[in-house]
Amino acid sequence: MIVDKLGRRFRNLRVSLTAACNYACTYCVPDGKRLMKAKNELPAMQLLKGVAMLQQAAGIDKLRITGGEPLVTPKFDDFLLGVMGLGLADVSLTTNGQLLPKKKAVIESSGLKRINVSLDTLNPLRFRQIARSGDLATVLAGIDAMLELGLKVKINMVPMRSQNLQEVVPMLDYCLERGIELRFIELMRMGHLQSGNGFVNDFVSMQALLDVIGEKYEFARTDAAYDSTAVRFQIPGMGVFGVIANESEPFCRACTRLRLSSDGFLYGCLSSASKHYIGDMLDQPSHLALPTLQKLLVSALADKKLAFQGEVTVMKFIGG
Ligand code: SAM
């Protein structure tokens, strides 16, 4: 097992199926232009091989499918069905939900149990202002479709002072009514938010968020898994919400995440631009590929920081 001085090891793999996205969210891209796929994206079968090798070499046992937007690529169905057969302890999917109604059948037949839908507002106009594409009603229909299938649904919301702070309580009401765990993600200094005023003007700290929620609900801190990204709070008799507090309470010291990009690079840390290419190993027999892969994993683990420092790399390349 590859472990660093802090006892950190890779356990959770996030696979970005494609860098392409059907949205152009204000916090993800600066210019409103939709993201395109990367130059040399790997097909589903190659990515699945990569996952299987990482299970062997790093002990990966949890996997999240992400992007870009994972539902826009034609390889989504094959990858999902394939990955569900790899014997991982946990597989989940992060999506903006726009294509969920169309993907209901394949999701049902795959046996997927968990899904995270990113949704920053329940107001249709504001939705278009933030996502700069898509349609709120379709996303809500997609969430209903997943609840009908019995999936455990979480919603990810990025609260921003100038854009959707007034949506925090309505979103919590919506989630509590449906048994959905809401995850507030503190705005991160990624891509164009790494410099300039955009981050400072819009950032909402965990405490500021809790103050807003406290005007309506009473809550108390509750348990979260050791390597969880979220600080969790229980509203007695009603449900749980979480805060992914990258700035206020960084979880870097217990981070077990590794990322595989759609074009075959491993990233050991969201706050580092260092990347390690594994695409050329995927056609080699295991006895040749595994020793090289293990060396890359040692380097990728050394990329991990002690606190989130921001990174100019846009999240879409490396998977949120
Ligand atoms: N397209 C998929 C989706 O929307 O869930 C997956 C990729 S998206 C990059 C993953 C998550 O990252 C989303 O929940 C999104 O809100 C979040 N995200 C992207 N840029 C962010 C930023 N600068 N700060 C905080 N969260 C961000």
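Look up: the structure comes first, before these words.
If you're wondering where the values come from, they're calculated on a predicted model, not measured in any experiment.

(A) The arrangement of the site of the ligand in detail. Near the ligand lie 18 residues; those nearest to it are Tyr27, Gly68, Glu69, Ser118 and Met188. Interatomic distance of 2.9 Å between a side-chain N/O atom of Glu69 and a nitrogen atom of the ligand. Backbone polar atom of Met188 to a nitrogen atom of the ligand: 2.8 Å apart, as the coordinates give it. Look at the ligand: alone it shows 550 Å² of surface, and the protein chains cover 94% of it. Residues of the shell around the ligand, tallied by class, amount to 7 nonpolar, 9 polar and 2 charged.

(B) Region of interest: the sheet that holds strand S9 (residues 239-244). Spatial strand order, S7-S8-S9-S6-S5-S4-S3-S2-S1-S10-S11-S12: 12 strands in an open sheet with mixed pairing. Among the strands making up the open sheet, the edge pair consists of strand S7 (220-222) and strand S12 (276-277). With 4 bridges connecting them, strand S3 (residues 90-95) and strand S4 (residues 114-118) associate as parallel partners. Across the sheet, Ser92 pairs through a bridge with Arg114, a residue of S4. Where helix H8 (residues 206-214) meets the sheet, its contacts fall on strand S6 (181-185), strand S8 (231-235) and S9, and the angle it forms with S9 comes to roughly 155°.

(C) Molecular detail of the pattern of salt bridges. Here the structure, examined in full by the defined rule, presents 14 salt bridges. Here Asp283 makes a salt bridge to Lys49, at a shortest N to O gap of 3.7 Å. In this pair, Asp283 is assigned in the loop between S12 and helix H9 (286-302) and Lys49 in helix H1 (residues 44-58), connecting sequence segments 234 residues apart. With a shortest N-O distance of 2.9 Å, Lys103 and Asp77 are connected by a salt bridge. Highlighted residues: Lys103 in helix H3 (residues 100-110) and Asp77 in helix H2 (residues 76-83), separated in sequence by 26 residues. Look at Asp77 and you get partly exposed, because its relative accessible area is 25%.

Rules used in this analysis
Residues numbered from 1 in each chain as written. Predicted model: local features only at pLDDT ≥ 70, side-chain atom pairs only at ≥ 80, totals over all residues. Heavy atoms only, no water. Near = heavy atom within 4 Å. Polar contact = N/O pair within 3.5 Å; in protein donor to acceptor, adjacent residues only side chain to side chain. Areas by Shrake-Rupley, 256 points an atom, 1.4 Å probe, with all protein chains shown as cover. Nonpolar A, V, L, I, M, F, W, Y, C, P; charged D, E, K, R; others polar. Pairing = 2+ DSSP bridges. Helix = DSSP H or I, 4+ residues; strand = E, 2+ residues; numbered from the N terminus. Contact = heavy atoms within 4.5 Å. Axes fitted to C-alpha atoms, helices over the stretch in contact; angles between N-to-C directions. Salt bridge = Lys/Arg side-chain N within 4 Å of Asp/Glu carboxyl O. Buried < 20%, exposed > 50% of the residue type's maximum accessible area, 1.4 Å probe, protein only.

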